[in-house]
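Structural overview
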Amino acid sequence: MSDQEFSIDTVEHASSTPDVELPWDELGLKADEYERIIAILGRRPTAAELAMYSVMWSEHCSYKSSKVHLRQFGEKVTEEMKTDLMVGIGENAGVTDLGDGWAVTFKIESHNHPSYVEPYQGAATGVGGIVRDIISMGARPVAVMDALRFGEIDHPDTRRVLPGVVAGVGGYGNSLGLPNIGGEVEFDACYQANPLVNALAVGVMRHEDLRLANASGVGNKVVLFGARTGGDGIGGASVLASESFDDAKPSKRPSVQVGDPFSEKVLIECCLELFGGELVEGIQDLGAAGISCATSELASNGEGGMHVELTDVLLRDSTLTPGEILMSESQERMMAVVTPENVEAFERTLAKWGVEYSWLGEVTDTGRLVIDWSGETIVDVDPRTVAHDGPVYERPYERPAWQDAVQADSFAATEAGKNLPRTASELGTAVAELVTSPNLADPSWITDQYDRFVGGNTALSQPDDSGVVRVDESTGLGVGLSVDSTPRHAYLDPYTGAQLALAQAYRNVATSGAIPKAVSDCLNFGSPEDPPIMWQFAEAVRGLADGCRELGIPVTGGNVSLYNQTGGNAIHPTPVVGVLGAFDDVGRRTPSGFERWADGQAIYLLGETAAELDGSEYARLHGHLGGLPPQVDLQREKTLGAVLINASRDGMIDAAHDLSEGGLAAALVEMSLRFGVGSRVNLDALCERDGLDPATALFSESAGRALVALPRSEEVRFKDMITARGLPALRLGVVDAESGELEVAGDFEDGSFILGLDELREIWSAVIPAHAEG
Amino acid sequence: MAQASETPLIGETDSASDGPALDGARIGVVTFPGTLDDRDAARAVRIAGGTAVPLWHADDALGDVDAVIVPGGFSYGDYLRAGAISRFAPLMRRIAESAAPSAGAGLPVLGICNGFQILTEAHLLPGSMIKNDHLKFRCGDQVLRVENTSTAWTAQFTDDELITVPLKNQDGQYVADAATLEQLEAEGRVAFRYVGTNPNGSRDDIAGVANAAGNVVGLMPHPEHAVEAGFGPDDATGMRAGTDGLPVFTSVISSLAGSTAGPDPAGGAA
Amino acid sequence: MPRIVVEVMPKPEILDPQGKAIASALPHLGFRGFSAVRQGKRFELSVDGEITDAVLAQAREAAAEMLSNPVIEDVVDVRVEDDPAEAGAGNEG
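Model, not experiment: these values are computed from the prediction.

Regarding the interface of chain A and chain B
With 32 residues of chain A at the contact, the number on the chain B side is 32 residues. Counting only elements with at least two residues in the side of chain A that touches chain B, the list comes to helix 8 (156-176), helix 9 (261-276) and strand 14 (458-460) of chain A. For the side of chain A that touches chain B, the leading source of residues is helix 9 of chain A, giving five residues. Each residue belonging to the side of chain A that touches chain B can be placed in one class, and the counts come to ten nonpolar, twelve polar and ten charged.

Concerning the interface of chain C and chain B
At the junction of the two partners, chain C supplies eight residues and chain B supplies eleven residues. Ranked by residues supplied to the side of chain C that touches chain B, first place goes to helix 1 (residues 17-25) of chain C with three residues. Of the residues in the side of chain C that touches chain B, the class split is six nonpolar, two polar and no charged.

Comments concerning the packing of helix 7 (residues 119-135) of chain A against helix 9 of chain A
When two helices pack together, their arrangement is given by the angle between the helix axes and by the axis-to-axis distance. All names here are of chain A. Between helix 7 and helix 9, the least distance of the axes is 11 Å, while the angle of their chain directions is 5°. Taken together, the axis directions place helix 7 and helix 9 in an arrangement best described as roughly parallel. Counted together, Gly128, Val131 and Ile135 of helix 7 and Pro261, Glu264, Ile268 and Cys271 of helix 9 form the full contact between these two elements.

Quick look at the environment of Val166 of chain A
Residue and element names in this part refer to chain A. Its location among the elements puts Val166 in helix 8. With 203 residues separating them along the chain, Val166 and Leu369 place their C-alpha atoms 41 Å apart. Setting aside chain neighbours within four positions, we find Val166 in contact with Ile446 and Gln449.

What to know about the sheet that holds strand 7 (residues 162-169) of chain B
Two pairing modes exist for strands in a sheet, parallel and antiparallel, and in both the strands are linked by backbone hydrogen bonds. Residues and elements named next belong to chain B. Taken together, the nine strands give an open sheet; going across it, the order is 2-1-3-4-11-10-9-6-7, and neighbouring strands pair in mixed fashion. Bordering the open sheet on either side are strand 2 (51-56) and strand 7, each of which pairs with just one other strand. Neighbour to neighbour, the strand axes of the sheet diverge by 25° on average, direction disregarded. Both strand 9 (residues 190-194) and strand 10 (residues 206-210) contribute to a ladder of three bridges, which runs antiparallel.

Concerning unusual backbone geometry
For the bond running from Gln462 of chain A to Pro463 of chain A, omega is 10°, close enough to zero to count as cis. Mapping Pro463 of chain A onto the fold places it in the loop between strand 14 and strand 15 (467-470). Its identity as a non-glycine residue notwithstanding, Tyr76 of chain B has a phi of 50°, on the positive side. By secondary structure assignment, the location of Tyr76 of chain B is in the loop between strand 3 (67-70) and helix 3 (90-99). Overall, the presence of 24 C-beta atoms within 10 Å leaves Tyr76 of chain B in the buried class.

Conventions we followed
Residues numbered from 1 in each chain as written. Chains lettered and ligands numbered in written order. Predicted model: local features only at pLDDT ≥ 70, side-chain atom pairs only at ≥ 80, totals over all residues. Contact = placed C-beta atoms within 7 Å. Helix = DSSP H or I, 4+ residues; strand = E, 2+ residues; numbered from the N terminus. Nonpolar A, V, L, I, M, F, W, Y, C, P; charged D, E, K, R; others polar. Axes fitted to C-alpha atoms, helices over the stretch in contact; angles between N-to-C directions. Parallel < 35°, antiparallel > 145°, perpendicular 65-115°, else oblique. Pairing = 2+ DSSP bridges. Buried ≥ 20, exposed ≤ 12 C-beta atoms within 10 Å, placed from the backbone.

Okay, structure coming up:
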């Protein structure tokens, strides 16, 4: 394969040439990190070793800035929270027991910067990467979700990024046969040039099928299979193209990875057949840091040794140097450990699926990861020093100087805050304006580009509060998932903001009827080298860890994305929280809207409303972000969740929707538009009980609330339950299937306001298409 | 090597395989690399009362099946053209031989979405599919009119019955030359037509067509996603309650039962 | 090393939605001189060894039977071309 002429920097050569200068700084390493590598090895690293350390010790792979904070997710887990936890943080994805011998694994991950550079491929390979994490746990992927954030909807670059990202998420996920069951989208100027593409995947398996990434069993074979290795994703590392330290080599390397969903689909089926036949001992997907990551993690998680021959890697580009091969992020590749007895059966399965593979070497008991190039050793390291003993930083952090001023700048003190709409016609106009703003408008231009039916197990998907997927067709056992973030609230107070995101995802899962079980988080922040940003991060993690402990659900995995900023402008702190819940039977899931046959059902508002407009969508509509976020009461969230779950289980309620962005107004509109079934409500009792004016009652974003609809025959039983649990509730009105209108009455000067659902839908559904295509 | 019967249905989970099986209606479901809706098609067969038999594209024999479904997906990534590579699979040649009019009664074959595309590439059905006029993948509930109830796959619908089934594709725009379109209309071979807005620019709102003998039918929408209440499209009775796709599968099972019972005097009239 | 290039275009009478979309986008970017766009496909078939008439005939057959669909596409050209990379730096990047 190699007609290339480059002198290979072997371990022997490195030992004899201690003074050769390596481009460690261009690879992103700091001087002290480079010194540490020399200390670990007792000599200078070879070019290939330097490649490995540089990618594995990067922020992305080593979590060096975030590690000291992320520890809380483990430290704050109680024994009780571990009851259903089969695999916690640290593996490719966490695993939760679902009962009946089923287990579920899920994880959310970012692919932010690549999606800005090349929206379609960046988003597509983001989906591909998270799905491979799920496969490598031994699970069959069953659904995906996406949390997307873009700049202002009318910014020209959003026209470029939004359609590309959506087509990429859809193009990859649809081609894998994975239903997309929900997610979220937000438009805000802070994401201009820093869009966020966070993808979640969920998979299921029988308990006995659980696989871990470790290379155990001395003498077992190491195999690389799937796509061939090319120059993808090593653009930033092109300095190593001159590994021979002359300039004769081409150095044109693409920094964008290109996805091949067809290959990944085949890889999924092939892997599941391998798992079914018990043909692999350990398995690891190749994502960031490619072979460097896979070999060092498999080796260090196993018995500590591995010996591979790098020239056996099948290449798409024969000009790649050893260092580039080690760093390549070519997609759709997996590495596995196979016993010698299973080699033949393994090869038969790969041949059936037409998947290419090459045997690279074997597991050893040396405690060393040794990589050869044509028989000459170019890497000889303790794999733990590469995979786990990277640098750990205690980054300085401090509360931003501007935080006090921001928190003091309450919406109530602004012109718009002092002049809230009061008359029925003003309120009606304000509600229509709010729900047709980009962040509350109909997202179906996005979600209709995703297949939500494939698999035949989707019981709920966008726009309902959670995505719900059946796992076991014989019993109806299944899972509900929601991903949420409230970055504007996190900007006002990162600790509370992170808890609000957690509370919202928890509430959404419970609203659909599932029992919340586990958390996966994707923490998107600016530069950790900026102490105020680091403070935001530290506070958000602390808030999330405390919140999880109080709710009794563990963080099972996730991802950190830092440096989401352009120049000095960082994104709002954006902790995206995914909560997974369990259903004994998905048949009892609660939809988020009034159905046609529910005419005359009673509508109840659960929870209490405070004057909490700071950071709300209503404040955003008026160009304001300041003050304090809504208060969080996680005990109240638990009570509310228990009520919603029990009401679903006992068949008391027929619709439920959480109150979050846009408050009561948005929830009423969304419940009415869901199936085009109207309702009539009166705000008097709410305004009186909670001491609110009608506008605040409609637009406040107080947490811990939900709307439910139930048959009159269930009212007594339902009221008994909420009274027993001490959950405040008010009967707001009734479902009106005939009117085609949402009518809101209250203590207004001019009667009630009425919104025609057809007219509202027309404006509501036109917002995103008009900007994405117009 | 009898691989067809031993190969587990792609993605089948252990618990899902025990359906009510009626002997006598064995319906093959073909899996190509990149097929996605094979599990759904097999489930639809089971719910309709038949036995789903997994078929692997590389097999060179059909084995003991009474009908075949070519399900949806992105076989071979649709990288050349949708269905263009799958058409050359060994199993497709066998299917084409068995479905041809010269093969007597003609094996009932249903192509759904990518399966429809494969059947047109294989010249079992006329026309072809190009990219949607709006250029996007689109997923949603779609109303169709069943315009031919004399095929093996539509006999249990009533004439001009309106049904709602999911539609989801990127290359779903049906095209054919004027002469072909005229012939299809003249012979009543438009099996399904879009009602309401044309979702993709298809000629004459055509959603699905049949061959002259009525044993081969292809359509872009997905009846197999509308067979089980709770997991289908929305309908008047509630969210995801729609099961309008089920008669496609009961039609073929009953027509098979009819043909094994003896000659069909009604000649396929519904 | 020379290779065989096959070009496939959508039939003139078939709407080409991609070409249409490109045509409508061009003026937005200030390219106003074009009245229509049609988007086709170009295939490059590499051959080990010499391109004989027999190999070229095979390519024509493949173009008609597999690389194009006669219902919607025409094969507009099958020709032999020199690989420009061979003449240059040999860099596939």
